[in-house]
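A look at the structure
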Amino acid sequence: MKIATWNVNSIRTRLEHVVNWLSENPVDVLCLQETKVVDSNFPRSPFEELGYHLYTSGQKAYNGVALISREPLTDVSTGFTSILGDIEPTWDESKRVITGVNNGIRIVNLYVPNGSAVGSEKYQYKLEWLKLLYEYLRSLLLSQPAICMCGDFNIALEPEDIHEGVIAENHIMASQLERQALRNILTLGFADGFRKFTTEGGHYSWWDYRAAAFRRNLGWRIDHHYLTAPLYERAVSCTIDVAPRKLPQPSDHTPVIVEF
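Residues numbered from 1 in each chain as written. Predicted model: local features only at pLDDT ≥ 70, side-chain atom pairs only at ≥ 80, totals over all residues. Heavy atoms only, no water.

1. Digging into the environment of Glu169
Examined against the element boundaries, Glu169 turns out to sit in the loop between strand S8 (147-152) and helix H5 (176-186). It is 9.8 Å that separates the C-alpha atoms of Glu169 and Val118, two residues lying 51 residues apart in sequence. Beyond its immediate stretch of four places on either side in the chain, Glu169 contacts Ser175 and Gln176. (Helix = DSSP H or I, 4+ residues; strand = E, 2+ residues; numbered from the N terminus. Contact = heavy atoms within 4.5 Å.)

Below, the structure written as structure tokens:
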């Protein structure tokens, strides 16, 4: 079984890229982030023609997540409220969370807030959002031990996940509080699927559009597959496919694929 995660930075802009990639890489489940389209306008037919089922949670121009699965998913839900119940409903105004079960594996597809700048209001929102994610996952784990939590986390957890030259201490996506918030989540029983197979630096999933960052490999590894123990043991590979980043008008992210 293969599960891929990809921040496509607008599914309608990148539709041809995504459909072609999926045709050439027929993963079992493709998790998308930053779809940037309301559900009624999501371009479903190209994926359905490939034999996939779609589950979306989108909004106009911003955010948005989707699960594209070869087999129908069960127990699909969106947002935090569906699991946590009585929380402030504004937490789900931004469409950032979708989950479903495939062959006994719960897939949690996330688009974590960027945070804008350390110390800003958006940064504090990100930290609070991550606290809520902790509670959400803790609730899911009560009934489902096999979880693949994936998506764009907007956090590079270790120095090896960032190209040289970045002073990470006060840099958004690498600050101490962001990293600690993610480490707290991982204490629930998650491990980094990519690092099971690749320990060295230089492997990235996101490159800024500016300063020829991709050509110079000035990247960050911020797109992750975090696996609970049953899945971590079953994982046989976790790779980053840089090919889509080489295409004309690409997303600034590229797919990351885990195989069990």
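From this point, the discussion proceeds with the structure in view.
2. With respect to the sheet that holds S8
Spatial ordering of the open sheet is given by S5-S6-S7-S8-S12-S9, a layout of six strands whose pairing is mixed. Of all the strands in the sheet, the pair left with one neighbour each is strand S5 (74-78) and strand S9 (190-192). Pairwise comparison of adjacent strand axes, ignoring direction, gives a mean angle of 20° for this sheet. Where S9 lies against strand S12 (residues 223-228), three bridges are found, and the strand directions are antiparallel. Bridge pairing links Asp192 to Tyr226 in S12. The strands touched by helix H4 (residues 121-141) are strand S6 (97-102), strand S7 (105-111), S8, S9 and S12; relative to S7, the strand with the most contacts, the crossing angle is about 170°. (Pairing = 2+ DSSP bridges. Axes fitted to C-alpha atoms, helices over the stretch in contact; angles between N-to-C directions.)

3. Notes on the pattern of salt bridges
As a working rule, side chains carrying opposite charge can pair if their charged atoms are close by. Counted under the stated rule, the structure contains 11 salt bridges. Between Glu128 and Lys131 there is a salt bridge whose closest N-O contact spans 3.4 Å. Residue Glu128 and its partner Lys131 are located together in helix H4, separated by three residues, close to a single helical turn. When its relative accessible area of 36% is taken as the criterion, Glu128 is described as partly exposed. Put simply, Glu158 and Arg183 hold a salt bridge, and the shortest N to O gap is 3.4 Å. One end of the pair, Glu158, is in the loop between S8 and H5; the other, Arg183, is in helix H5, and 25 residues separate them in sequence. By relative accessible area, which is 32% here, Glu158 ends up partly exposed. A relative accessible area of 31% means that Arg183 is categorised as partly exposed. (Salt bridge = Lys/Arg side-chain N within 4 Å of Asp/Glu carboxyl O. Buried < 20%, exposed > 50% of the residue type's maximum accessible area, 1.4 Å probe, protein only.)

Shape is all these values report; function is a separate question.
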